[in-house]
Amino acid sequence: MKNFISVVIPSFNEEKNIARCIESVFETLREITKYEVIVVDSFSNDKTIEIAKNYPVNIIRLKKA
């Protein structure tokens, strides 16, 4: 795909920062038309995922082996 950007946000217990991070990414991408934002969560046990669900992002939760 031409001019497509993927932004990956790794996270672990980032409930205090995840909203600001996601909003910053969207602000940076405001003039881009083709993009995706992916939050990859590494076993958070706080509200990181619940907060991320309020945004149009794809969420990938890693699973413990």
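Rules and cut-offs
- Residues numbered from 1 in each chain as written.
- Predicted model: local features only at pLDDT ≥ 70, side-chain atom pairs only at ≥ 80, totals over all residues.
- Heavy atoms only, no water.
- Pairing = 2+ DSSP bridges.
- Helix = DSSP H or I, 4+ residues; strand = E, 2+ residues; numbered from the N terminus.
- Axes fitted to C-alpha atoms, helices over the stretch in contact; angles between N-to-C directions.
- Contact = heavy atoms within 4.5 Å.
- Buried < 20%, exposed > 50% of the residue type's maximum accessible area, 1.4 Å probe, protein only.
- Core = buried A, V, L, I, M, F, W, Y, C linked by side-chain atoms within 4.5 Å.

Colleague: Looking at this model, I keep getting lost on the sheet that holds strand 3 (residues 58-61). Mind explaining?
Modeller: In a beta sheet, neighbouring strands pair by backbone hydrogen bonds and run either parallel or antiparallel. Taken in spatial order, the three strands of this open sheet run 1-2-3, and their pairing is parallel. What marks the edges here is a single partner per strand, and that holds for strand 1 (5-11) and strand 3. Pairs of neighbouring strands in the sheet enclose a mean axial angle of 20 degrees, with direction left out of account. Here strand 1 pairs with strand 2 (residues 35-41) via seven bridges, running parallel. Looking at the pairing, Pro 10 lines up with Val 40 of strand 2. Across the face of the sheet, helix 1 (residues 18-28) comes into contact with strand 1 and strand 2 while running at roughly 170 degrees to strand 1.

Colleague: Which parts of the structure should I look at to understand unusual backbone geometry?
Modeller: Negative phi is the rule for most residues except glycine; trans is the rule for most peptide bonds. For Asn 13, which is not glycine, the phi torsion reads 50 degrees and is therefore positive. If you trace the backbone, Asn 13 turns up in the loop between strand 1 and helix 1. For Asn 13, a relative accessible area of 28% gives the class partly exposed. Its identity as a non-glycine residue notwithstanding, Phe 43 has a phi of 65 degrees, on the positive side. When you line up the elements, Phe 43 lands in the loop between strand 2 and helix 2 (48-52).

Colleague: Could you clarify how one ought to interpret the environment of Ile 51 in this entry?
Modeller: Looking at the element boundaries, Ile 51 is found in helix 2. Using a relative accessible area of 22% as the deciding quantity, one classes Ile 51 as partly exposed. What Ile 51 contacts, discounting residues up to four positions off in sequence, is Glu 15, Ile 18 and Ala 19.

Colleague: Help me out: how do you make sense of the nonpolar core in this one?
Modeller: Considering soluble globular proteins, one finds that nonpolar side chains tend to be buried as a cluster. Grouped together as the largest cluster of nonpolar side chains are 12 residues: Val 7, Ile 9, Ile 18, Ile 22, Val 25, Phe 26, Leu 29, Val 37, Val 39, Ala 52, Tyr 55 and Val 57. Put simply, the parts of the chain that give this core at least two residues each are strand 1, helix 1 and strand 2. Ranked by residues supplied to this core, first place goes to helix 1 with four residues. When near neighbours in sequence (up to four residues on either side) are disregarded, Val 57 contacts Ile 22, Phe 26, Val 37, Val 39 and Ala 52.

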